[in-house]
Amino acid sequence: MMRQSQNFRAIPAIRIGLTLIELLVVLVVLTILATVAIRATDGVFLQSRYDASVRTLRQIDLAIVGDREIRQSDGAAIATGFLSDIGRLPVSIASPVPGQNLRELWDQSLWTEFLFQAYVPDPTGGIPHPDISIVCGWRGPYITFGFGQAGVLDGWGRPFEFRVPQTSGFDLAIASLGADGLSDADNPNSVDPYSFDLVREYRSGTDVAVYVSQQIEGGSAQPLDGVRVFVFVPRPPTQSNPTGGVVAIETTERVGNAWVFRDVPPGRRVFRAYRNFPPQADPQPQYITRSALVSFSAVPDVELVFPRVPENNGPNGNGDD
């Protein structure tokens, strides 16, 4: 027995676990890795919020003025959207629900009296305009929502802001305030690109020059004076007139041979020149009418040409001397 006991060797103890220093080293490494990961993903999150704001602002733009990239065969833009149908830019609607300040773009209950259809223009001075009807009115929703959405918010979950535009000649700006929630004017020293404002600016209309002439012998035309010129545009509802419709706007501004209309809202508009007003019952036409597309792609010119008056008729084509 004694010999057997002398053959045993001491078995070293096996250490289980980590020392305090080793734990601290592991924690430091994990902290560094977590910090690097957070910083890497933070930029991804900011970019995704920025991209979401850009996409939503693009949807608002399409709702208000339509797709600016869609063109006619002659290259002119096709005017569609809220501004074309209603005749004005949207206004901010007060609401306790965030993102509902743009509610005019999707809430049909605001437009029950002015839905898309043909409207006869208001009489001018009590005199109606014969044979004119204009198709206009709300035909939204111009913006549609995904499941669970109740308003239009930017990528940071804030409503878009209505503001006065900085560019001369524009009437409305709609902006996202960026990551910091402050306008560039309130935070002028910011260098964070994700905190810069995202802004779209809009004009309520464009100027249109109307040339009125009369055909003469040889097929040419000469400018015609002594006429009254009108454009017929949507008349959006107001508190005093909640039904909306179409209004006849007359211009007296002349630039050379052109009658000039200011701020005509884009869309399919009707122009008319009267040689006598109010219109008279007469076999010879007393007015010339033309439908023209008004867009922001170029300043449009509209020509209204009266037919040649037979020599045995008077200046109004009605047989007067």
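Reference entry: report on the structure contained in this document. Only a predicted model underlies this, so the values are computations on that prediction, with no experimental measurement involved.

This part is about the overall build of the chain. For the chain, the count of helices and strands is three helices and 14 strands. The proportion of buried residues among the 321 residues of the chain is 37%. Put simply, 60% of the contacts in the chain that link residues at least 6 apart link residues at least 24 apart. A total accessible area of about 18800 Å² is found for the chain, and carbon and sulfur atoms account for 56% of it.

For the rest of this paragraph, the subject is the sheet that holds strand 3 (residues 161-163). Taken in spatial order, the three strands of this open sheet run 3-4-5, and their pairing is antiparallel. The outermost strands of the open sheet, each flanked by one partner alone, are strand 3 and strand 5 (198-202). On average, adjacent strands in this sheet sit at an angle of 25 degrees to one another, irrespective of strand direction. In the sheet, strand 4 (residues 172-176) pairs with strand 5 via five bridges, with the strands oriented antiparallel. In the strand pairing of strand 5, Ala173 is matched with Glu201.

Counting across every chain of the model gives twelve aromatic pairs. Each ring, one from Phe82 and one from Trp111, has its centre 5.7 Å from the other, and the planes form 70 degrees; the classification is edge-to-face. One end of the pair, Phe82, is in helix 3 (residues 82-86); the other, Trp111, is in the loop between helix 3 and strand 1 (117-119), and 29 residues separate them in sequence. Take Phe82 and Trp111: they sit in the same class, and that class is buried. Taking the centre distance of 5.4 Å and the plane angle of 35 degrees together, the rings of Phe230 and Phe277 count as tilted. Taken as a pair, Phe230 in strand 8 (residues 228-235) and Phe277 in the loop between strand 12 (267-274) and strand 13 (287-294) lie far apart in primary sequence, 47 residues in all.

Here Arg103 is to be found in the loop between helix 3 and strand 1. Not counting chain neighbours up to four residues away, the residues in contact with Arg103 comprise Ile93, Ala94, Ser95 and Leu110.

With that settled, consider the pattern of salt bridges. Across all of its chains, the model carries 13 salt bridges by this definition. Residues Glu104 and Arg88 are paired through a salt bridge, measuring 2.7 Å at the closest nitrogen-oxygen approach. With Glu104 in the loop between helix 3 and strand 1 and Arg88 in the loop between helix 3 and strand 1, this pair connects stretches of sequence that are 16 residues apart. Between Asp197 and Arg163 there is a salt bridge whose closest N-O contact spans 3.2 Å. With Asp197 in the loop between strand 4 and strand 5 and Arg163 in strand 3, this residue pair connects regions lying 34 residues apart in the sequence. Here the residues in one salt-bridge network are Arg58, Asp61, Asp67 and Arg200, joined through shared partners.

Right, let's get into the sheet that holds strand 12. Taken in spatial order, the four strands of this open sheet run 9-8-12-13, and their pairing is antiparallel. Edge strands, defined here as strands with exactly one partner in the open sheet, are strand 9 (245-251) and strand 13. Across the sheet, the axes of successive neighbouring strands diverge by a mean angle of 25 degrees, strand direction being ignored. Of the pairings in the sheet, the one linking strand 12 to strand 13 comprises eight bridges and is antiparallel in character. Residue pairing for strand 13: Arg268 is matched across the bridge by Leu293.

A word on the pairing of strand 6 (residues 206-215). Strand 6 sits mainly inside the fold: seven of its ten residues count as buried. Bridge count between strand 6 and strand 11 (residues 258-264): five bridges; the pairing is antiparallel. Bridge pairing in strand 11 places Thr206 opposite Val264. Pairing geometry for strand 6 and strand 14 (residues 301-306), over six bridges, is parallel. Considered in strand 14, the bridge of Val210 is made with Val302. In terms of strand pairing, strand 6 meets strand 7 (residues 221-223) through three bridges, oriented antiparallel. Of the residues in strand 7, the one forming a bridge with Gln214 is Gln222. Hairpin remark: strand 6 followed by strand 7, antiparallel, with five residues in the connecting loop; positive phi at Gly218, about 95 degrees.

Definitions and limits used
- Residues numbered from 1 in each chain as written.
- Predicted model: local features only at pLDDT ≥ 70, side-chain atom pairs only at ≥ 80, totals over all residues.
- Heavy atoms only, no water.
- Helix = DSSP H or I, 4+ residues; strand = E, 2+ residues; numbered from the N terminus.
- Buried < 20%, exposed > 50% of the residue type's maximum accessible area, 1.4 Å probe, protein only.
- Contact = heavy atoms within 4.5 Å.
- Areas by Shrake-Rupley, 256 points an atom, 1.4 Å probe, with all protein chains shown as cover.
- Pairing = 2+ DSSP bridges.
- Axes fitted to C-alpha atoms, helices over the stretch in contact; angles between N-to-C directions.
- Phe/Tyr/Trp six-rings, centres within 6.5 Å; stacked < 30°, edge-to-face > 60°.
- Salt bridge = Lys/Arg side-chain N within 4 Å of Asp/Glu carboxyl O.

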